[in-house]
Amino acid sequence: MYEGGLRQAGIVRWPGRVPAGRVSDEPWAFWDFLPTCAELAGAKVPEGVPVDGLSVLPLLLGGKVPPRECFYWELHEGKFIQAIRAGDWKAVRNGPAQPLELYDLKADPGESKDLAAEKPDVVARLEKLMEGARVDSPDWPIKKAPAGKLRISADTIVADSGLTDPVVPHALQIPVEQLPDEAIVFLLPSRFCDSDNL
């Protein structure tokens, strides 16, 4: 939920309509894609289809993006994580019972200094926005991550994440005889252990 995972560059080319060589730091998100494409096509999003985004066509054509109150994200892989951005302020919650971390993206785009203790008024405002932005869903309930376990016996180390995701093995077994005498063991979920992510 930090900028390293959320912030991505985009390139738009439309000769004669999108100004060539223009660079913008204006944020927009995937959920803006549907209303933007609908406006480009001269269509309306059907009634009853919930749309969280807005058309960024004015921005693409050289103008400004319509004002928005905030961006909201949540993630349900392993544990429930939330983030919200309003202007240059960004708050991240790393679990249902965790406090909000607060970052000033203009001064600290790398999110290295948590300002929550120094700016309780901003934290309270973003907390309220976060509560209003989230929609309860039986498909995406807020749940705590299961506790992982590390069991070490005389002959095997078993790291059990406690997860039941069929894509990710929930346990990793390492025969002790395969470890060097002074081994340091790092245990990562398998989805993070491919060559593109090392």
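Residues numbered from 1 in each chain as written. Predicted model: local features only at pLDDT ≥ 70, side-chain atom pairs only at ≥ 80, totals over all residues. Heavy atoms only, no water.

Visitor: Help me understand the sheet that holds strand 1 (residues 71-75), please; the structure alone is not making it clear to me.
Guide: Strand pairing in a sheet is mediated by backbone hydrogen bonds. Such pairs are either parallel or antiparallel. With antiparallel pairing, four strands are arranged side by side in an open sheet as 1-2-3-4. At either end of the open sheet lies a strand with only one pairing partner, and these are strand 1 and strand 4 (101-104). Averaged over all pairs of adjacent strands, the angle between their axes in this sheet comes to 15°, without regard to strand direction. (Pairing = 2+ DSSP bridges. Helix = DSSP H or I, 4+ residues; strand = E, 2+ residues; numbered from the N terminus. Axes fitted to C-alpha atoms, helices over the stretch in contact; angles between N-to-C directions.)

Visitor: I'm lost on the pairing of strand 3 (residues 89-93) in this one. Help?
Guide: A regular strand places its side chains so that they alternate between the two faces of the sheet. Of all five residues that make up strand 3, five are buried, and the element is covered over most of its length. Covered by surrounding structure in strand 3 are W89, A91 and R93 together with K90 and V92, the residues of both alternating faces. Pairing of strand 2 (residues 81-86) with strand 3, which is carried by five bridges, proceeds in the antiparallel orientation. Across the sheet, residue I84 finds its bridge partner in strand 3, namely A91. (Buried < 20%, exposed > 50% of the residue type's maximum accessible area, 1.4 Å probe, protein only.)

Visitor: Teacher, can you tell me more about the packing of aromatic side chains here?
Guide: The description of an aromatic ring pair uses the distance of the two centres, along with the angle that the planes make with each other. Counted according to the given criterion, the structure contains five aromatic pairs. Aromatic pair F30 and F33: ring centres 6.3 Å apart, planes at 5°, arrangement stacked. Relative accessible area serves as the criterion here: at 46%, F33 is assigned to the partly exposed category. Centre to centre, the rings of F71 and W73 are 5.9 Å apart; their planes meet at 15°, and the pair counts as stacked. The pair F71 / W73 is uniform in exposure class, with both members buried. Ring pairing ties together the aromatic residues W31, F71 and W73, which thus form one cluster. Lying over the aromatic face of W14, R17 brings its terminal NZ or CZ to 4.6 Å of the ring centre. A cation over a ring is seen here: K90 above W73, with NZ or CZ 5.9 Å from the ring centre. (Phe/Tyr/Trp six-rings, centres within 6.5 Å; stacked < 30°, edge-to-face > 60°. Lys NZ or Arg CZ within 6 Å of the ring centre and 35° of its normal.)

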